[in-house]
Structures are given as C-alpha cells and as structure tokens.
Amino acid sequence: MAELGLGTAGLGNVFGEIDDEVAAEVVAAAAGAGVRYFDTAPYYGFGLAERRLGRTLPPGSFVSTKVGRTLTDGGCVFDFSADAVRRGIEGSLERLGLDRVDVVYLHDPDDHEEEAATEAWPELCRLRDEGVVSAIGVGMNQWEMPARFVERLDVDVVLLAGRYTLLDRSGELLLDLCGERGVDVVLGGVFNSGLLIDPRPGAWFDYAPASADLVARACRMRDVAASAGYDLAACALAFAAAHPAVTSVLVGATSAAQVQANARAFRREVPPDLLHRLVSC
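Residues numbered from 1 in each chain as written. Predicted model: local features only at pLDDT ≥ 70, side-chain atom pairs only at ≥ 80, totals over all residues. Heavy atoms only, no water.

Draft legend 1. A look at the environment of Val-63. Its place among the elements puts Val-63 in strand β3 (residues 62-67). Classification of Val-63 by relative accessible area gives buried; the value is 2%. As a C-alpha pair, Val-63 and Arg-200 span 137 residues in sequence and 35 Å in three-dimensional space. Once residues lying within four places of it in the same chain are set aside, the contact partners of Val-63 are Tyr-37, Phe-38, Leu-57, Leu-96, Leu-98, Val-101, Asp-102 and Val-103. (Helix = DSSP H or I, 4+ residues; strand = E, 2+ residues; numbered from the N terminus. Buried < 20%, exposed > 50% of the residue type's maximum accessible area, 1.4 Å probe, protein only. Contact = heavy atoms within 4.5 Å.)

Structure follows, in structure tokens:
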C-alpha cells in the first residue's frame, strides 16, 4: 500500500519564500501526520531545503535526495560525471547531517542520457555497494527515459512527476514496466501544479498556464467528485496511490495547514468506480 511522503521543494523557497520557523513547522506537521518519507535535492533553494530538512528531520525518517544538478558558486549546473555525483552526495550528506541516505535519484537527465547512464550510474552503484546509499534510481518529469533506464540498468526506484495523474496518464506504461521488473515507483506532481486542487481559469498545469480544455476537463472532474461527496484533491491522491507499482506519493507544502490537509485527503478512501468515472471525463 502506497504511503504519503513530503516533497521539500517548498522548504527551498521554490514556490515562494518561507522562513526557517515555518519550514520547521512543515516538517513537524508531516511527522505528526505519520509521514516518514522526505524527498529533497540540492537544487531546491541551492541547498536550503536540505539544510532546513537536516535541522528538523525526525528520527527514523526515510530520506531521498538527488544528483546531477550540481551546486556551484554560480548556482546549479547539470553535471552527471562520476566526480560530480560523489561530490554531490558528500555535500548533501553534510547539509542533511547524515552519514548515509536511503535513496539517490539522477535529477532530470533529459539532455544528458548517455553521460547519466555511463558515468553517473556506475558511480551510484559504487556508492550503493559502499553502503552510503541504500537504493538508486532516476527522477524525471517524463516517462520515456526512465523506462529505458529500467530496461538497461539495475534500477531500484523511479520518481515520476506529473505523468501519472487524473489528467495525464501517459506514464502508465512506465509504471506497468516497473511493476513487471520489481522496481518501486514514487509519484510526484499528482496535482499537476494545482489544477487538480482548484480548477479554474488562470490555474496552472505543469508549471505553465493551463489550456482552456484542460481547465474545463478538471472542472468536470471536480463536479463529478463533488456530486459523490469527495474533494478532487482526495481523488487525485487516491488515483495515484492505487497503481500496484506505486510505493509512495510525494506532496509538497509550504505550511503546516497544507500538510494536514494533504494528509486528510490522502487518508480518504475513494471508490474505484468514482476514479474510473473521473478519468473518463
């Protein structure tokens, strides 16, 4: 059964500035709601999310971070060389205050497939063999390249953002492949930038203004869900968690109240027939 995890881009001020106190409240609220999986990355606030998470991480937490978008004096740059991977992990562990991490993902290697596969991946395997990392995988907003990685490499887990939602099921082939190969799947972006929380004109879909057709479709979903007594957000979470390959669903937050609302929505049981009606909208 899939579990709820906390995505920490918001702790890095990616979606608007929050202070250290609010960031600590977000992590504490997640822990209070039973969340034990926290996903982060150096890219989120150029190390800020990792530092904030490290200062407030509850005991017994399960942590993932990422490599490939490497911190430099000028910001983050793509670098999937073996040296950058090892230096990246060392930096993440220092910011997190940990001596090992549970999962490391290759972070968005869209334009760097061969370097990621032939240089970064072997180094991740060495780090896994050394016990610095327990599991390794790839995290992307597309499904095609992760599918190729699953087919050609010893992948433990895939993080797929935005491609398996009520509005976009294009990643279903990847999830099915992972299920066949015994690869865990973590889903992010299940609200498609908020359109599946509050569908309305002007809402965003995947980091850009949503088209009128997408807004209309999401509004139809909202109305169908409401007629059955459910919030669309709860349905979006239930749909993501229902695939048998999915082990965790990541949801971000920038306040304790958002964490608590997401946890309540995640715990809501949604009938499979309602989910079927929604994807048919």
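Draft legend 2. The packing of helix α1 (residues 20-32) against helix α9 (residues 256-267), seen in detail. The geometry of α1 relative to α9 is characterised by a closest axis approach of 8 Å and an angle of 25° between their N-to-C directions. By the angle between their directions, the pair α1 and α9 is classed as roughly parallel. For the pair α1 and α9, the crossing hand works out as right-handed. Residues Glu-25, Val-26, Ala-29 and Ala-30 of α1 pack against Ala-256, Val-259 and Gln-260 of α9. Across the contact of α1 with α9, the residue classes tally to five nonpolar, one polar and one charged. (Axes fitted to C-alpha atoms, helices over the stretch in contact; angles between N-to-C directions. Parallel < 35°, antiparallel > 145°, perpendicular 65-115°, else oblique. Left-handed = near helix turned anticlockwise from the far one by under 90°. Nonpolar A, V, L, I, M, F, W, Y, C, P; charged D, E, K, R; others polar.)

Draft legend 3. Seen up close, a nonpolar patch on the surface. The grouping of Val-14, Phe-15, Trp-204 and Tyr-207 at the surface amounts to a nonpolar patch, some 480 Å² of accessible area in total. Here Trp-204 shows up in strand β10 (residues 204-205). The exposure class of Trp-204 is partly exposed, given its relative accessible area of 43%. (Patch = residues over 30% accessible without salt bridge, like charges linked within 9 Å, V, L, I, M, F, W, Y side chains within 5 Å. Areas by Shrake-Rupley, 256 points an atom, 1.4 Å probe, with all protein chains shown as cover. Salt bridge = Lys/Arg side-chain N within 4 Å of Asp/Glu carboxyl O.)

Draft legend 4. Expanded view of the pairing of strand β6 (residues 101-107). For β6, the tally of buried residues reaches seven of seven residues, placing the bulk of the element in the interior. In terms of strand pairing, β3 meets β6 through four bridges, oriented parallel. Counted as the bridge partner of Lys-66 is Tyr-105 from β6. Taken together, the six bridges between β6 and strand β7 (residues 133-140) define a ladder with parallel strand orientation. Of the residues in β7, the one forming a bridge with Val-104 is Ile-136. Considered for its hand, the β-α-β crossover made up of β6, helix α4 (residues 113-130) and β7 is right-handed. (Pairing = 2+ DSSP bridges. Right-handed = clockwise from strand over helix to strand, strands pointing away.)

Draft legend 5. Here's a closer look at the pattern of salt bridges. Within the structure shown, the criterion is met by 19 salt bridges. Across the pair Asp-108 and Arg-69 runs a salt bridge whose closest N-O atoms are separated by 2.9 Å. Of the two residues, Asp-108 is situated in the loop between β6 and α4 and Arg-69 in strand β4 (residues 69-72); the sequence distance between them amounts to 39 residues. Judged by its relative accessible area of 12%, Asp-108 is buried.

Draft legend 6. Representation of a negative patch on the surface. On the surface, Glu-17, Asp-19, Glu-21 and Glu-25 cluster together to form a negatively charged patch. Looking at the element boundaries, Glu-25 is found in helix α1. (Lys, Arg positive; Asp, Glu negative; His and termini not counted. Charge placed at Lys NZ, Arg CZ, Asp CG, Glu CD.)

Draft legend 7. Region of the structure containing unusual backbone geometry. One non-glycine residue, Asn-192, adopts positive backbone phi at about 50°. Position of Asn-192 relative to the elements: it lies in the loop between β9 (184-188) and β10. A residue is classified by how much of its surface remains accessible, and Asn-192, at 1% relative accessible area, is buried. Look at Ser-193: it is not a glycine, yet its phi comes out positive at around 65°. Examined against the element boundaries, Ser-193 turns out to sit in the loop between β9 and β10.

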